[in-house]
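Breakdown of the fold
The lines below spell out each chain.
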Amino acid sequence: MKLPYFSRFYQKIFRISPDEAKFLRRGFRITKSAGHLETVGEKFLYGYHAALSANSTSDLADDLNLVEPLYRGFAFEGAAMGLTLLDNLLPLRKKLLQEFFSGSGKAHIYMLHVGVGWALARIPWLRRRPLKTISRFDPVLRWLILDGFGFHEGYFYPRKYFHSKVSLDWLPGYARRAFAQGLGRSLWFVEGADTEKILQRLNKLPESLRSDLWSGIGLACAYAGDASEPEIEKLKVSAGEHYLSYLAQGAAFAAKARLRAGNPARHTEMACRVFCRCTIEEAAFVTDMKLQNLPIDGTVPAYEVWRQRIQKEFSLEQVTV
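Residues numbered from 1 in each chain as written. Predicted model: local features only at pLDDT ≥ 70, side-chain atom pairs only at ≥ 80, totals over all residues. Heavy atoms only, no water.

1. Here we look at the state of the cysteines
- What the rule picks out here adds up to zero disulfides.
- In this model C276 remains outside any disulfide bridge; the closest cysteine sulfur is found in C272, 4.7 Å from its own.
- The cysteine C278 is free of any disulfide, with C276 supplying the nearest cysteine sulfur at 4.9 Å.
- Residue C278 is classed as buried on the basis of its relative accessible area of 12%. (Disulfide = S-S within 2.5 Å. Buried < 20%, exposed > 50% of the residue type's maximum accessible area, 1.4 Å probe, protein only.)

Next comes the structure, spelled out in structure tokens:
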């Protein structure tokens, strides 16, 4: 399916300045990792703008696959945001995102769901009804859309979300937990991957959000990366027995996302070795095994059952002495 002619009009309306990815503009901590993390944002915006201007979804994928493997997933994430905007805002509703999900973007399915969350954050009628918005997506992976929503909010509004009295009560039920995982990922960027500052900020946030924030930090550390092994070890020690399994679950998610897309990274391998005590391949395999025979959504969403299974696998209780 070709992208519609009207999308040219939307390129101008919905263009996002590359300056939005700059740490100085965002007020983020300037560290040795700032350049790398700014590049993550730049590649996201590259994918976003590519989606608004591509001739077809297959051409879009060809373009995105030229991005350096380390950053390619972020470009696909940005493209998902762009396609979601086009689907929802063009005069005649399209199914560009659905086509991308099932076709040329399938290898990046995890990142695509996260990218939809960025669009949810920016389209008022989607934002007001987040559970209805995600209901048409995969019953397990749809919660990653709320993760993307949380990342967007933490990235653009850190002062609002990273203080001791923050509350997510405006979100319904489990959406708060998925959203909090995304907030944890954004904290990696806000603090420039400075593990000491991340820990200081984390310890001031409500205990009720802590476990999901740790999962997000583990995911960002393993997927976006740029922390040294001693810094990763420090995170592990600071997480302690209670939170290590959440860190590991986040790292395992990153391992699966990167291996499925064929873009493994050294920092992902390192995070899996420290947090999960295994290789990137073994961590990804755990996510596949724990995905099998998930119960239909009940009081506890299938996505959370999946997370809990992974966390149990990597808990210290599973370590044989």
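Let's pick the thread back up.
2. Details of the side chain of H152
- With respect to the helices, strands and loops of the structure, H152 is situated in helix α10 (residues 143-156).
- Here R122 takes part through its side chain, which lies 2.9 Å from a polar atom of the side chain of H152.
- Excluding residues that lie within four positions of it along the chain, H152 makes contacts with W118, A121, R122 and Y157. (Helix = DSSP H or I, 4+ residues; strand = E, 2+ residues; numbered from the N terminus. Polar contact = N/O pair within 3.5 Å; in protein donor to acceptor, adjacent residues only side chain to side chain. Contact = heavy atoms within 4.5 Å.)

3. Brief notes about the environment of R26
- Secondary-structure assignment places R26 in helix α2 (residues 23-26).
- Given a relative accessible area of 17%, R26 falls into the buried group.
- In sequence terms R26 and Y157 are 131 residues apart; their C-alpha atoms lie 8.9 Å from each other.
- With near-sequence residues (within four places) excluded, R26 lies in contact with E20, Y155 and F156.
- A distance of 2.7 Å separates the side chain of R26 from the side chain of E20, its partner in a polar contact.

4. A look at empty space enclosed by the protein
- Scanning the entire structure with this criterion turns up one cavity of 30 Å³ or more.
- Here the largest cavity defines a volume of roughly 380 Å³.
- Contributing to the lining of the largest cavity are 29 residues, with F74, E77, M111, V114 and R185 lying nearest its centre.
- Looking at the lining of the largest cavity, the elements with two or more residues in it are α3 (34-53), α5 (69-89), α7 (109-122), α10, α12 (175-190), α14 (207-223) and α15 (229-261).
- Examining the composition of the lining of the largest cavity, we find that five residues originate from one element, α10, more than from any other.
- Per-class residue counts for the lining of the largest cavity are 23 nonpolar, one polar and five charged. (1 Å grid on protein atoms, 1.4 Å probe; cavity = no way out; pocket = protein on both sides within 12 Å on 5 of 7 lines; lining within 4 Å. Points joined across faces, edges and corners; volume = space filled by probe spheres on them. Nonpolar A, V, L, I, M, F, W, Y, C, P; charged D, E, K, R; others polar.)

5. Details of the pattern of salt bridges
- Under the counting rule described, the total for this entry stands at 18 salt bridges.
- A salt bridge links E304 to R177; its shortest N-O distance comes to 3.4 Å. Of the two residues, E304 is situated in helix α18 (residues 302-313) and R177 in helix α12; the sequence distance between them amounts to 127 residues.
- Taken together, the salt bridges that share partners define one network made up of R177, D212, E304 and R307. (Salt bridge = Lys/Arg side-chain N within 4 Å of Asp/Glu carboxyl O.)

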